[in-house]
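# Structural characterization, general
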Amino acid sequence: MTNFNLPDNTPVIVGVGDIIDKRKVDGPDPLTLLGQASEIAFEDTGIKNVIDYLDAIGVVRFSVDFSTATNQSRFGYSNFPRSLANKIGVKKDISELYSGMGGNAPQVLLQEISKKIHANEIHCALISGGEVLQTMISKLKSGEKLNWEDSAGGEPEIIGINDEGFSKEEKKHYMDLPSNVYPIFANAIRSSKSQSSEEHLRECSELFSKFSKVASLNPKAWFPKFRTPEEIEEISDSNRLVGFPYTKYLNSMIRVNMASSLVVMSEKLTKELKIPQNKKVYIHGSCVLNDIWNVSKRPSLNESPAIRECGKEVLSQAGISLSEISFLDIYSCFPSAVQIAQKELSLDSNDDRPLTVTGGLPYFGGPGNAYTMFSSSEMVRKLRSNPNEYGMITANSWFLTKHAINIFSCKPPQEIDWKKDFIKLQSEINSREIKNFNTKPNGLGKVISYTIVQGRKNLEYGIVIGELEDKSKFIANILGEQSFLKKLTENELLGIKGEVKHTSERNIFKPLF
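Every value quoted in this text rests on a predicted model; they were computed, and no experiment measured them.

## Quick look at the overall build of the protein chain
Looking only at helices and strands, the protein chain has 14 helices and 19 strands in total. Over its C-alpha trace the protein chain gives a radius of gyration of 23 Å, about what one expects of a compact globule, namely 24 Å for 513 residues. Over its C-alpha atoms, taken along the principal directions, the protein chain stretches across nearly 75 × 55 × 40 Å. Considering the protein chain as a whole, with its 513 residues, one finds that 61% of them fall into the buried category. About 20600 Å² of surface is accessible on the protein chain, with carbon and sulfur atoms providing 47% of the total.

Have a look at this one:
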């Protein structure tokens, strides 16, 4: 493969490295695991002293390093990018970047690093991310101390939005957990298709069975096991209901020890270091947009204008059509995330292209905010083996809230306008926020979408997004005994009318059967 005549400031991925560690109490700390993944990525570049050229490190925020984490006080790293630099032996001052919270973070960091390379601010960067929740939880349960801390000094540059993904009103009604909210999207999707809950669960199970098939062939997968649609949909001791209609096997698996790293350089530096062309993977399109921030303020629960516009933008930047993408990795925390992305990207459900290169978050593993580090490294490997093909990665955060899509290929990219902003487009998306959300609803209303949430042993409550007779929208909870909540999982609630009452603690909805 001959070298391309590209601008010196073209960003290019030249090294990837992944590591998984299934140990529990005796497993690694986060700094050790990310350090190991980084060393693998350095080795992958083929340049022995590549670390000497680093002038930036970007780290994906750890899930426990955020206001919503129950164990945030256990995370003792004041500046993880600097700690990682010290760990791997960086001997000079470099730019330190730390992402905001969310699953789109790796792709946002990659875009930001690419912008800095294009602007000639930096020339070589390491991006790293992962989780060690398997070990962290095991240690805490056993009563052991973590002793994971490092006061490295300084403050990293925060990349991306780092706000909580829910309002106080939503949190009050338990809409602060992905496992509670994505099932609400699921029921909205099936409402739009006039599906029964059984039909929709079967569709989701068939979809994710295909993801598990990819994971079963991936030696880096946390669960390298094929699951049939029947296994996925059937409720059992090992596959309980989590948020109706989703079973456990349809939920992302966050309790893992996994880390992944990328090395990104300027084209000029790759030539100076004589990095072979067959090592290089270029970014052909990159876009970051948000949907309306609060789920309760969205006019529709089964669509994502941000994914739709991101998709259009990256394909335009790349100068290709979706049909020319050979490898896809659609963010798969829950089936509804995939189904809505399919709709917005115009991906036909009968398309025979796999929707994941790893196996997806429930089966490959969903290491907090860092999953698309792994889809990126695997995409690089796929494209190196297929240098004339294109790959697309989508990523989302919170509740289909923050999005990023990147397109990759070994082929020479068209010139990307890395200075382009999407302020006008973002404003257009935000302008669709509903204006008639009612925080103190009283009276007769109907169910637009809902879920019934189960804990480890029992059904706990329902969550309803509804509409009053005056067309204003509300959120509320359904409370009751086990027998009553079980009845709600066995009877159709979509479109059902009921009485909603505002109380000092929360809004309560009582369906009228």
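Okay, back to it.
## Comments concerning the sheet that holds strand 12 (residues 325-329)
Within the open sheet, the 10 strands sit side by side as 7-4-2-5-10-1-11-14-13-12. Their pairing is mixed. Whereas interior strands pair on both sides, the edge strands pair on one side only; in this sheet they are strand 7 (157-159) and strand 12. Strand-to-strand, the axes of this sheet are offset by a mean angle of 25°, without reference to chain direction. The sheet contact formed by strand 1 (residues 11-20) and strand 11 (residues 281-290) spans 2 bridges and is antiparallel. Bridging from a neighbouring strand, Ile13 pairs with Val281 of strand 11.

## Focus on the packing of helix 6 (residues 178-193) against helix 7 (residues 197-216)
Interaxial distance between helix 6 and helix 7 falls to 10 Å at its minimum, and their mutual angle equals 110°. By the angle class used here, helix 6 and helix 7 are roughly perpendicular. Where helix 6 crosses over helix 7, the handedness of that crossing is right-handed. Along the contact surface, helix 6 presents Ala186, Ile189, Arg190 and Lys193, while helix 7 presents Ser197, His200 and Glu203.

## Looking at the packing of helix 10 (residues 305-318) against helix 11 (residues 335-345)
Close contact between helix 10 and helix 11 brings their axes to 8 Å; oriented N to C, the two are set at 50°. Comparing their axes, helix 11 and helix 10 come out oblique. The two elements helix 10 and helix 11 meet at a crossing, and its hand is right-handed. In contact with Pro305, Ile307, Arg308 and Gly311 of helix 10, helix 11 contributes Ala341, Glu344 and Leu345.

## Looking at the environment of Gly160
Looking at where Gly160 falls in the secondary structure, it is placed in the loop between strand 7 and helix 5 (168-172). Among the residues examined, Gly160 registers a relative accessible area of 46% and is labelled partly exposed. Sequence separation between Gly160 and Val288 is 128 residues, and the spatial gap between their C-alpha atoms is 9.5 Å.

## Concerning the packing of aromatic side chains
Aromatic ring pairs: the centre-centre distance and the angle between the two ring planes describe each pair. The final tally for this structure, using the stated rule, is 20 aromatic pairs. Aromatic side chains Tyr246 and Phe334 sit 6.2 Å apart centroid to centroid with 15° between the ring planes, which places their arrangement in the stacked category. One end of the pair, Tyr246, is in strand 9 (residues 246-247); the other, Phe334, is in the loop between strand 12 and helix 11, with 88 residues separating them in the sequence. On the accessibility criterion, Tyr246 (0% relative accessible area) is buried. You can call Phe334 buried: its relative accessible area is 5%.

## Remarks on the nonpolar core
In this structure, Ile113, Tyr182, Phe185, Ile325, Met392, Ile407 and Phe408 are the most contacted members of the largest nonpolar core, which totals 105 residues. Of all the elements, helix 6 adds the most residues to this core, at 7 residues.

## With respect to the side chain of Asn239
Along the chain, the position of Asn239 falls in the loop between helix 8 (229-233) and strand 8 (241-243). A distance of 3.2 Å separates a polar side-chain atom of Asn239 from the backbone oxygen of Glu231. Aside from chain neighbours lying at most four places away, what touches Asn239 is Glu231, Ile232, Glu233, Glu234, Thr247, Lys248 and Tyr249.

## Things to note about helix 7
When the terminal C-alpha atoms of helix 7 are compared, their 28 Å separation across 20 residues agrees well with the 28 Å that a helix rising 1.5 Å per residue should span. Ser197, His200, Leu201, Cys204, Ser205, Leu207, Phe208, Ser209, Phe211, Ser212 and Ala215 are the residues of helix 7 that are buried. Packing partners of the buried residues in helix 7 comprise helix 6, helix 8, strand 9 and helix 11.

## Considerations on the environment of Asn350
Locating Asn350 in the fold gives a position in the loop between helix 11 and helix 12 (371-385). Asn350 sits 13 residues away from Tyr363 along the chain, and the two C-alpha atoms are 22 Å apart.

## Observations concerning the side chain of Asn507
Within the secondary structure, Asn507 sits in strand 19 (residues 507-511). When its relative accessible area of 1% is taken as the criterion, Asn507 is described as buried. Here Asn507 is in contact with Glu169, His173, Thr439, Pro441, Ile475, Ala476, Asn477, Val500, Lys501 and His502, once residues within four sequence places are set aside.

The rules behind each value
- Residues numbered from 1 in each chain as written.
- Predicted model: local features only at pLDDT ≥ 70, side-chain atom pairs only at ≥ 80, totals over all residues.
- Heavy atoms only, no water.
- Helix = DSSP H or I, 4+ residues; strand = E, 2+ residues; numbered from the N terminus.
- Rg over C-alpha atoms; globule rule 2.2 N^0.38 Å.
- Buried < 20%, exposed > 50% of the residue type's maximum accessible area, 1.4 Å probe, protein only.
- Areas by Shrake-Rupley, 256 points an atom, 1.4 Å probe, with all protein chains shown as cover.
- Pairing = 2+ DSSP bridges.
- Axes fitted to C-alpha atoms, helices over the stretch in contact; angles between N-to-C directions.
- Parallel < 35°, antiparallel > 145°, perpendicular 65-115°, else oblique.
- Left-handed = near helix turned anticlockwise from the far one by under 90°.
- Contact = heavy atoms within 4.5 Å.
- Phe/Tyr/Trp six-rings, centres within 6.5 Å; stacked < 30°, edge-to-face > 60°.
- Core = buried A, V, L, I, M, F, W, Y, C linked by side-chain atoms within 4.5 Å.
- Polar contact = N/O pair within 3.5 Å; in protein donor to acceptor, adjacent residues only side chain to side chain.
- Expected span 1.5 Å × (residues − 1).

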